[in-house]
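What follows is each chain in one-letter form.
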Amino acid sequence: MYYGGAESWNLRDTHMFETLEHLLKARGSNSKAVVWAHNSHIGDARHTEMGAVRDELNIGQLCRERFGTDAALIGFGMHTGTVAAASDWDADMEIKHVRPSHQDSYERQCHDSGVRRFLLDFSKDEAVRRSVVEQRLECFIGVIYRPDTELLSHYAEASLSKQFDAFVWFDETSAVIPLGPEHAKPGVPDTYPFGV
């Protein structure tokens, strides 16, 4: 699944979306959900290099197509800080320092504003929406973070305001702290039902 290119990626995100649909259906016609995932899954892939060049879709795109404006796609960004990520698939999680944002990226634009934390709501301010509609580099850090190949591995062209409905900015962030084994519930493996 991890090495199969667009087909494997699309299968995985389609499965995420179908799971969301099943959960919403099970909870009734007025149900709502919050999906917490990396920007590469949440933003509408059609407005990123992954969708336009690599033919990859994601749960954000599928939500937009299915739910229209009833879905709110919200991205997050940072200039620097730490992340919890591995160096490669099947490697242990590490707390890694993130290099400062690339000079040609949306993240650098946000950093250069001098405001440490903010929310860009593209539906409420047309001038702001237009200012970040042009394709530019955007940073995508997920399960893997490779600082030595950061530009190639973690940056892609995207339109911020077409990809997201809103964007939350933290100039500096810190890694999530995983729950320890004392919080594990017995009986169900972490990767149930697939054993991946």
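Fair warning: this is a prediction, and the values are worked out from it, not measured in the lab.

Trainee: What is the right way to read the pattern of salt bridges from this model?
Mentor: Per the counting criterion, the structure on display carries 10 salt bridges. In this structure, the salt-bridge partner of Glu 65 is Arg 46, at a minimum N-O distance of 3.6 Å. Remark: Arg 46 occurs in the loop between α2 (39–42) and α3 (49–52) and Glu 65 occurs in helix α4 (residues 59–67); sequence separation between them is 19 residues. Taking relative accessible area as the criterion, Glu 65 reaches 47% and is therefore assigned partly exposed. Taking the relative accessible area as the measure of exposure, Arg 46 reaches 39% and is therefore partly exposed.

Trainee: Just to check I follow, could you spell out the sheet that holds strand β1 (residues 74–85) for this structure?
Mentor: Think of a sheet as strands paired side by side through backbone hydrogen bonds, with each pair either parallel or antiparallel. Pairing within the open sheet is mixed, and its four strands lie in the order β2-β1-β6-β3. Of all strands in the sheet, those with a lone pairing partner are β2 (94–98) and β3 (117–121), marking the two edges. Put simply, the sheet's adjacent strands are angled 35° from each other on average, direction ignored. Alignment of β1 against strand β6 (residues 166–173), held across seven bridges, turns out to be parallel. Across the sheet, residue Ile 74 finds its bridge partner in β6, namely Ala 166.

What counts and what doesn't
- Residues numbered from 1 in each chain as written.
- Predicted model: local features only at pLDDT ≥ 70, side-chain atom pairs only at ≥ 80, totals over all residues.
- Heavy atoms only, no water.
- Salt bridge = Lys/Arg side-chain N within 4 Å of Asp/Glu carboxyl O.
- Helix = DSSP H or I, 4+ residues; strand = E, 2+ residues; numbered from the N terminus.
- Buried < 20%, exposed > 50% of the residue type's maximum accessible area, 1.4 Å probe, protein only.
- Pairing = 2+ DSSP bridges.
- Axes fitted to C-alpha atoms, helices over the stretch in contact; angles between N-to-C directions.

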